[in-house]
Amino acid sequence: MKTKLGKLVSVLSMIGLLASCAQMAPMEAQDASLRKAAETATTYADHEKLAKQYESSAKESLVKMEEQKKLLQHYEEKSYLYGRQAQDFKSHTEALLHKYQQTAEENIKQASYHHKMASELGKANYATPANNREQKARIGADAQKGSSL
């Protein structure tokens, strides 16, 4: 009975471990699509949209990071439940925790960069209409001078 319970706990732990690994693929696919969108961003709206997506991705990474912290704490407190595999589970969870932390930091940096780009493009857009008005005023003044001659 004792070995059956140990095997059951071991199998359930492995399923949990595999489930936590499966979460990595969608994040990597999302990062690839964000990178592609970042390469083609040219307008204020493009950069603002990218910044929001990077912020959202960072929040997801932080949530997953908290989940991994709780799981790590559980493994540390209840390592006797997992026998020889406890150390493997701890190290794997620490690695995921580190990866989620790096991902969150990178996404925050990217969001900041795209906010900055959007801000600069926004300033340029506000400056452009004034310049166009000045040019039109000059053209109109030149036309009036030409017609009065």
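Preceding block: the structure.
The shown structure was predicted, so the numbers you read here are calculated from the model rather than taken from an experiment. (Residues numbered from 1 in each chain as written. Predicted model: local features only at pLDDT ≥ 70, side-chain atom pairs only at ≥ 80, totals over all residues. Heavy atoms only, no water.)

Engineer: So what exactly am I meant to see when it comes to the overall build of the protein here?
Structural biologist: Along the backbone of the protein there are four helices and zero strands. Ordered by position in the sequence, the α and β elements of the protein form the string α-α-α-α. Within the protein, contacts between residues separated by at least 24 positions form 75% of all contacts whose residues are at least 6 apart in sequence. Accessible surface for the protein amounts to roughly 10,600 Å². Of this, 58% is attributable to carbon and sulfur atoms. (Helix = DSSP H or I, 4+ residues; strand = E, 2+ residues; numbered from the N terminus. Contact = heavy atoms within 4.5 Å. Areas by Shrake-Rupley, 256 points an atom, 1.4 Å probe, with all protein chains shown as cover.)

Engineer: Sorry, what's going on with the pattern of salt bridges here?
Structural biologist: Close approach of charged atoms lets side chains of opposite charge pair. Taken as a whole and assessed by the stated rule, the structure comprises one salt bridge. Measuring nitrogen to oxygen at the nearest pair gives 3.6 Å for the salt bridge that ties K69 to E66. Residue K69 and its partner E66 are both found in helix α3 (residues 44-77); the two are separated by three residues, about one turn of the helix. (Salt bridge = Lys/Arg side-chain N within 4 Å of Asp/Glu carboxyl O.)

Engineer: Explanation requested: the side chain of N107 in the structure shown.
Structural biologist: Along the chain, the position of N107 falls in helix α4 (residues 86-148). A polar contact of 2.9 Å, which involves the side chain of N107, links it to the side chain of S57. (Polar contact = N/O pair within 3.5 Å; in protein donor to acceptor, adjacent residues only side chain to side chain.)

Engineer: In this structure, what is going on with the environment of G122? I would like to understand it.
Structural biologist: Checked against the element boundaries, G122 lands in helix α4. Residue classification places G122 among the buried residues on the basis of a relative accessible area of 11%. Linking G122 and Y44, residues 78 residues apart in sequence, is a C-alpha distance of 6.0 Å. (Buried < 20%, exposed > 50% of the residue type's maximum accessible area, 1.4 Å probe, protein only.)

Engineer: Could you clarify how one ought to interpret the packing of aromatic side chains in this entry?
Structural biologist: Both the distance between ring centres and the angle between the ring planes are used here to describe each pair of aromatic rings. Summed over the entire model, instances satisfying the criterion amount to three aromatic pairs. Relative to F89, the ring of Y82 has its centre 5.6 Å away and its plane inclined at 85°; by these criteria the two rings are edge-to-face. Residues Y82 and F89 agree in their burial class; the two are buried. Counting every residue linked through ring pairs, the aromatic cluster contains Y75, Y82 and F89. (Phe/Tyr/Trp six-rings, centres within 6.5 Å; stacked < 30°, edge-to-face > 60°.)

Engineer: Got a minute to help me understand the side chain of E48 in this structure?
Structural biologist: With respect to the helices and strands, the residue E48 is situated in helix α3. Buried and without a salt bridge, E48 has K52 as its closest oppositely charged side chain, separated by 4.9 Å. Residues within four places of E48 in sequence aside, it is in contact with H115 and A118. (Lys, Arg positive; Asp, Glu negative; His and termini not counted.)

Engineer: Help me understand the environment of L50 in this model?
Structural biologist: Residue placement: L50 occurs in helix α3. In this structure L50 comes out as buried when scored by relative accessible area, which is 3%. Setting aside its immediate chain neighbours within four residues, L50 contacts L34, A37, A38, A41 and H114.

Engineer: I'm lost on the environment of H47 in this one. Help?
Structural biologist: Positionally, H47 belongs in helix α3. Placed 10 residues apart in sequence, H47 and A37 show a C-alpha to C-alpha distance of 9.3 Å. The contact partners of H47, leaving out residues within four places of it in the chain, are A41, T42, H114, M117, A118 and L121. Engagement of the side chain of H47 in a polar contact is seen with the side chain of H114, the distance being 2.9 Å.

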